[in-house]
Structure formats: C-alpha cells, structure tokens
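# Understanding the architecture of this molecule
Letter by letter, the chains look like this.
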Amino acid sequence: KEEVVRVQHGLVPNVRNLAMWYYIGLADDHCMPGTYLYIDDMLAELRKEDPAGWTNIHFKTYPGLKHAFPAGEPQAGIKFLEKERRVTFPKKLVWEYASDPQPLPDASDKTARYEKRFFYWLKSREPKDRQYVVAEIKDNVITIEATGTGEGAKGITIFLNDKMIDVKKEVI
C-alpha cells in the first residue's frame, strides 16, 4: 500500500446513498491500489459515525492482479448494479462541496467544471469549498448541520415534496 495521505475532497462523503461496485488488483501499476485502500478506510470511518450510510458499496481487492478484470468481472458488478435503484429522495444527505477540486486543469484544457449548487433536495446559494452539510428528515422534522459555510445553514434551501414529508402535518 503506497502512502496516500488524502484524496479529492467532495467525493467520498457524497456517495452515502449510492450503490457502488469496484475492485482493484493489488499489483495494478496504473491505478494506485493504495488510493482505493485509503478510500475504503475512509468509508469504514464514515460508517462508524453513521452506520446507516455507505452500506451499499461493494469493494474487493485481488492480490497479484495487475490492471485487468478479475474472474467474473465486470459481469458480477453489472448484475449487482442492475438490481439496485437510486433513492431519489433519501432521508439523510451528506454533502461536501468542492469548488476547487484537484487536480486543476491546465491552461490548454478547453473544458470547464460546471458549478453545481444542488445536491438531491438541497441547494446552497453561495457554496464554499469544503463546506460540509448533513441534512436529515425524520417525521417531518428537518435538521441541518452545516460547517465550513461561513454562516451555518443560512443560504441553504430545502426542496420538499409529498414523497419526503407528510404534507398534512407541520414541518419543523
């Protein structure tokens, strides 16, 4: 495991509600297995803090495998993902915003990064790089914890519909 000290912020926390299937050959000399192992450790830490999150992520390592598909792949991953359905309105969100992700494109790169101020049913009016928002809906009670925004939850919009709340009851 080569030494990895960090990965792109705004990536790992944001996959809390997604189904994912990935693997790495530990002898892969193209994709840095240590990065995958580091992310797996990050996911384990996040799961300790929030046992209901990041539960549908499958990761496996293959000792001795170089940059190649292991036996049965990618079919096993495709089969797994075909059975999964995206949760359109999850009851809990974790959103780490990244306006200055790395690596930055060089000057000759003609592509641009689209600034996305929405995340599921949240919007941030003026998101700040590395702002971290945890939002949850339980029985029409909405809680938002926001750090790194400079103004807490101020400037965050919540979009609600009848699949998320009981519209006949008060929302708190």
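Scroll up to find the structure.
Attention shifts here to the side chain of Glu96. With respect to the helices and strands, Glu96 occurs in strand β3 (residues 92-96). Of the side chains bearing the opposite charge, Arg130 lies closest to the buried Glu96, which forms no salt bridge; the N-O distance is 5.1 Å. Engagement of the side chain of Glu96 in a polar contact is seen with the backbone nitrogen of Gly10, the distance being 2.9 Å. Dropping the residues within four chain positions of it, Glu96 is found in contact with His9, Gly10, Leu11, Pro13, Asn14, Arg130, Gln131 and Tyr132.

The pairing of strand β1 (residues 20-25) with strand β2 (residues 57-62) spans six bridges and is parallel. Looking at β2, one finds that Tyr23 is bridged to Lys60.

If you walk through the whole model with that rule in mind, you get five salt bridges. For Glu45, the salt bridge identified is with Lys48, shortest N-O distance 3.2 Å. Taken together, the positions of Glu45 and Lys48, both in helix α1 (residues 33-49) and three residues apart, correspond to about one turn of that helix. A relative accessible area of 42% places Glu45 in the partly exposed class. Judged by its relative accessible area of 62%, Lys48 falls in the exposed class. The partner of Asp50 in a salt bridge is Lys92, with the nearest N and O atoms 3.3 Å apart. One end of the pair, Asp50, is in the loop between α1 and β2; the other, Lys92, is in strand β3, with 42 residues separating them in the sequence. Classification of Lys92 as buried rests on a relative accessible area of 18%. It is possible to trace a salt-bridge network through shared partners that takes in Arg16, Asp50 and Lys92.

Counting 14 residues, the largest nonpolar core has Trp121, Leu122 and Ile137 as its most contacted members. For this core, the secondary structure elements donating two or more residues are β3, β6 (132-138) and β7 (141-147). Looking at this core element by element, the count peaks at three residues for β6. Discounting residues that sit within four places of it in the chain, Leu122 has contacts with Leu93, Trp95, Arg117, Val133, Ala135, Ile156, Thr157, Ile158 and Phe159. In terms of nonpolar packing, the next biggest core, distinct from the first, is built from 13 residues, Val12, Ile39, Ile57 and Val134 among them.

About the criteria used
- Residues numbered from 1 in each chain as written.
- Predicted model: local features only at pLDDT ≥ 70, side-chain atom pairs only at ≥ 80, totals over all residues.
- Heavy atoms only, no water.
- Helix = DSSP H or I, 4+ residues; strand = E, 2+ residues; numbered from the N terminus.
- Buried < 20%, exposed > 50% of the residue type's maximum accessible area, 1.4 Å probe, protein only.
- Lys, Arg positive; Asp, Glu negative; His and termini not counted.
- Salt bridge = Lys/Arg side-chain N within 4 Å of Asp/Glu carboxyl O.
- Polar contact = N/O pair within 3.5 Å; in protein donor to acceptor, adjacent residues only side chain to side chain.
- Contact = heavy atoms within 4.5 Å.
- Pairing = 2+ DSSP bridges.
- Core = buried A, V, L, I, M, F, W, Y, C linked by side-chain atoms within 4.5 Å.

This is a description of form; function is not addressed.
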